[in-house]
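Residues per chain are reported as follows:
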Amino acid sequence: MVLKLYGYPRSPCTCRVAVVLYEKKIPYELVNIELIKGEHKNPTYLEKHPFGEIPYIDDDGLILYESRAICRYLEAKWSNKGSKLVPSPSDLKAYALYEQAASIETSNFDPFASKAVSQAIFNPLFRGLPKDQVQYEEALKTLSLKLDGYEKILSKQKYLAGNEITLIDLFHLPYGSLLTEAGSDLMTTKGPNLTRWWNDITSRGSWQAVKDGLTTGVVNFN
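Bear in mind that the values here come from a model prediction, so they are computed numbers and not experimental data.

(A) Spatial organisation of the overall build of the chain. Broken down by element type, the chain carries ten helices and five strands. By the compact-globule yardstick of 17 Å for 222 residues, the chain fits well, its C-alpha radius of gyration being 17 Å. Burial analysis of the chain (222 residues in total) assigns 49% to the buried set. Relative to all contacts within the chain whose residues are 6 or more apart in sequence, the contacts with residues 24 or more apart total 69%. Of the roughly 10700 Å² of accessible surface on the chain, a fraction of 51% belongs to carbon and sulfur atoms.

(B) Quick look at the UniProt feature "domain: GST N-terminal" (unreviewed entry) in the chain. As annotated in UniProt, the feature "domain: GST N-terminal" (unreviewed entry) corresponds to residues 1-82 in the numbering used here. Split by type, residues 1-82 is 37% helix and 22% strand. Its first and last C-alpha atoms lie 19 Å apart.

(C) Examining the packing of aromatic side chains more closely. Tallying each qualifying case throughout the model produces nine aromatic pairs. When the centroid spacing of 6.2 Å and the interplanar angle of 45 degrees are considered together, the rings of Phe 109 and Tyr 150 count as tilted. Here Phe 109, found in helix H4 (residues 92-127), pairs with Tyr 150, found in helix H5 (residues 133-154); they are 41 residues apart in sequence, far enough to count as distant. Across the pair, exposure class does not vary: Phe 109 and Tyr 150 are buried alike. Site record: aromatic cluster; members linked through ring pairs are Phe 109, Tyr 150, Trp 197 and Trp 198. A cation over an aromatic ring shows up here: Arg 68 above the ring of Phe 171, its NZ or CZ 5.9 Å from the ring centre.

(D) The pairing of strand S1 (residues 3-7), seen in detail. Buried residues dominate S1, accounting for four of its five residues. Note that S1 and strand S2 (residues 28-32) share five bridges and pair parallel. The residue of S2 that forms the bridge with Leu 5 is Leu 30. Crossover S1 to S2 through helix H1 (residues 12-24) is right-handed.

(E) Representation of the pattern of salt bridges. Counted by the stated rule, this structure contains nine salt bridges. Asp 148 serves as the salt-bridge partner of Lys 190, at 2.8 Å between the closest nitrogen and oxygen. One end of the pair, Lys 190, is in the loop between helix H8 (186-189) and helix H9 (192-202); the other, Asp 148, is in helix H5, with 42 residues separating them in the sequence. In this structure Lys 190 comes out as partly exposed when scored by relative accessible area, which is 23%. One connected set of salt bridges, linked through shared partners, spans Arg 16, Arg 68, Glu 105 and Asp 110.

(F) View of unusual backbone geometry. Of note, the amide linkage connecting Ile 54 to Pro 55 takes the cis form, showing an omega dihedral of 0 degrees. One non-glycine residue, Lys 25, lies in the positive phi region at around 55 degrees. Along the chain, the position of Lys 25 falls in the loop between H1 and S2.

(G) Up close: the nonpolar core. With 61 residues, the main nonpolar core has Tyr 28, Leu 74 and Trp 197 as its most contacted residues. Counting seven residues, the second largest nonpolar core, distinct from the first, contains Tyr 8, Ile 33, Tyr 45 and Ile 54.

(H) Broad picture of the environment of Val 218. Secondary-structure assignment places Val 218 in strand S5 (residues 217-219). Remark: the alpha-carbon pair of Val 218 and Val 2, spanning 216 residues in sequence, is separated by 8.0 Å.

(I) Summary view of the pairing of strand S3 (residues 56-59). With burial as the criterion, each face of S3 is covered, one bearing Tyr 56 and Asp 58 and the other bearing Ile 57 and Asp 59. As judged from the four bridges shared by S3 and strand S4 (residues 62-65), these two strands associate in the antiparallel manner. Pairing of Asp 58 across the sheet is with Ile 63, part of S4. Remark: two residues form the turn of the hairpin made by S3 and S4, two consecutive strands paired antiparallel; Asp 60 in that turn has positive phi of roughly 55 degrees.

How each quantity is defined
- Residues numbered from 1 in each chain as written.
- Predicted model: local features only at pLDDT ≥ 70, side-chain atom pairs only at ≥ 80, totals over all residues.
- Heavy atoms only, no water.
- Helix = DSSP H or I, 4+ residues; strand = E, 2+ residues; numbered from the N terminus.
- Rg over C-alpha atoms; globule rule 2.2 N^0.38 Å.
- Buried < 20%, exposed > 50% of the residue type's maximum accessible area, 1.4 Å probe, protein only.
- Contact = heavy atoms within 4.5 Å.
- Areas by Shrake-Rupley, 256 points an atom, 1.4 Å probe, with all protein chains shown as cover.
- UniProt positions renumbered as here; feature names shortened; annotations may be inferred.
- Phe/Tyr/Trp six-rings, centres within 6.5 Å; stacked < 30°, edge-to-face > 60°.
- Lys NZ or Arg CZ within 6 Å of the ring centre and 35° of its normal.
- Pairing = 2+ DSSP bridges.
- Right-handed = clockwise from strand over helix to strand, strands pointing away.
- Salt bridge = Lys/Arg side-chain N within 4 Å of Asp/Glu carboxyl O.
- Core = buried A, V, L, I, M, F, W, Y, C linked by side-chain atoms within 4.5 Å.

In structure tokens form, the structure reads like this:
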């Protein structure tokens, strides 16, 4: 049975999962959930995802939601397939730095990048709300300060958890890329090390395959 990914083709969280599926070369089928039509709030959908959000996966009967949790599951189940994206827990130093990087992304990047993107793109497109310029600018101002910390980290190592790429680097891709669409150039102007890192991860084949939107149906890998 091919793993099924239930989501929207251009949803950041759906694309986050798809990037990992491409990195791990895991065949999957995208089942399109139409956000504009409110399909994610239908009773049948809520039976699978109690919060009415996207995405979730069905892996031979295992229903799993929350994009980061899904990505960690994919790496754990297919650890010997495709790219290795999480250090071994037996390597305490590497794993500690990985967990530190995970906290950095969820605490210092995602809340502010997603807020700016929501104000500039998602509120007008999906919620019928105008862009709140004040909130947008506040989110970018805070994010700019946070990225100063990224610049310091990346001046000493290639990726956020060390010199090997991990899930955490990939987690930045969807919202970081949408920042440009939202009118911000922070990811390429805050410093040479941040720019180097950003150009590195955005040039990966996995991101190039999903950045313009996913294709509904089955995706196989040779």
